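Structural overview for review
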Amino acid sequence: MGREVAESCVDAVVIEMVSAFCHNFYSAEPELAARRIEAIGYQVGHQLVERYTMDCPRFTDHLEAIKFICKEFWSELFKKQIDNLKTNHRGTFVLQDNMFRWITRISPNPLQENTTESIATNDDNQTTQTTSMHLYFPCGIIRGALTSLGIPCVVSADISHRPACSFVVRIKA
């Protein structure tokens, strides 16, 4: 029997981790906070993929490993598969989750209703910045998982169509 943790507990831990790194530990250095959050995600992804692939044969190519991440790995983490996978067949993959759970809970400032347009724009920028900080962790998870599978890569996230999130994986040559 596998050990499981309630989704709400995982959500709360991720939110608190990002908050602690951004506001307490590295409030003056957001770049360092982002690197630390991504590094924690890397370790988590590395350890999880080792557990999930223990009984699987090694993957023969990059596409097979990416498909594993999109189907089995993502299903274990989020109880759903990636909604869309695109590739240019030259080492770049785009994994799209149309309702990424970890950013659906991030909302704009509730006091925004009675503000001027410039303050509302500032709140939108703050929300985007906060959301971006929350995406370093899943980017690290994906990078750690793929690196553990023998695929060194760089992972970034795009949130231009919230709550959809696209993770861009660029495999290092």
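Residues numbered from 1 in each chain as written. Predicted model: local features only at pLDDT ≥ 70, side-chain atom pairs only at ≥ 80, totals over all residues. Heavy atoms only, no water.

A count of helices and strands for the protein gives five helices and four strands. When the helices and strands of the protein are read in sequence order from the N terminus, they spell out α-α-α-β-β-α-α-β-β. Burial statistics for the protein: of 173 residues in total, 38% are counted as buried. Pairs at least 24 apart in sequence give 59% of the contacts found in the protein among residues at least 6 apart. As displayed, the protein offers around 10,500 Å² of accessible surface, 52% of which is attributable to carbon and sulfur atoms. (Helix = DSSP H or I, 4+ residues; strand = E, 2+ residues; numbered from the N terminus. Buried < 20%, exposed > 50% of the residue type's maximum accessible area, 1.4 Å probe, protein only. Contact = heavy atoms within 4.5 Å. Areas by Shrake-Rupley, 256 points an atom, 1.4 Å probe, with all protein chains shown as cover.)

The peptide bond linking Arg162 to Pro163 adopts the cis configuration, its omega dihedral lying at 5°. Position of Pro163 relative to the elements: it lies in the loop between β3 (153-158) and β4 (165-171). At Lys79, a position not held by glycine, the phi torsion is positive, near 60°. Along the chain, Lys79 turns up in the loop between α3 (62-78) and β1 (84-87). Here His89, not a glycine, exhibits a phi torsion of approximately 60°, which is positive. If you trace the backbone, His89 turns up in the loop between β1 and β2 (92-97). On the basis of relative accessibility, which here comes to 69%, the residue His89 falls in the exposed class.

This part covers the environment of Cys22. Looking at the element boundaries, Cys22 is found in helix α1 (residues 7-25). Measuring from C-alpha to C-alpha, the distance between Cys22 and His134 comes to 10.0 Å, with 112 residues separating the pair along the chain. Those residues in contact with Cys22, other than ones at most four positions away along the chain, are Ser27, Ala33, Ile37 and Met133.

This next bit is on the pattern of salt bridges. Under the defined criterion, the tally for this structure stands at three salt bridges. Between Arg143 and Glu38 there is a salt bridge, with the nearest N and O atoms lying 2.7 Å from each other. Linking Arg143 in helix α5 (residues 117-148) with Glu38 in helix α2 (residues 30-52), this pair joins segments that are 105 residues apart in sequence. With a shortest N-O distance of 3.0 Å, Lys80 and Asp83 are connected by a salt bridge. A residue is classified by how much of its surface remains accessible, and Lys80, at 25% relative accessible area, is partly exposed. Overall, Asp83 belongs to the partly exposed group, its relative accessible area being 39%. Connected via shared salt-bridge partners are Lys80, Asp83 and Asp97. (Salt bridge = Lys/Arg side-chain N within 4 Å of Asp/Glu carboxyl O.)

A separate point is the side chain of Ser148. Tracing the chain through its elements places Ser148 in helix α5. For Ser148, a relative accessible area of 16% puts it in the buried group. Filtering out sequence-adjacent residues up to four positions away, Ser148 remains in contact with His46, Val49, Glu50 and Arg58.

Of all residues in the protein, 83% attain a pLDDT of 70 or more, and the chain-wide mean is 83. pLDDT under 50 marks residues 109-120. Its contacts with residues more than four places away, or in other chains, come to six contacts. (pLDDT = per-residue confidence, 0-100.)

A separate point is the environment of Met133. Residue placement: Met133 occurs in helix α5. Judged by relative accessible area, Met133 falls into the buried class, the value being 10%. Distance in space between the C-alpha atoms of Met133 and Ser19 is 9.1 Å, their sequence separation being 114 residues. If sequence neighbours within four positions are ignored, Met133 has contacts with Val18, Cys22, Pro30, Ala33, Ala34 and Ile37.

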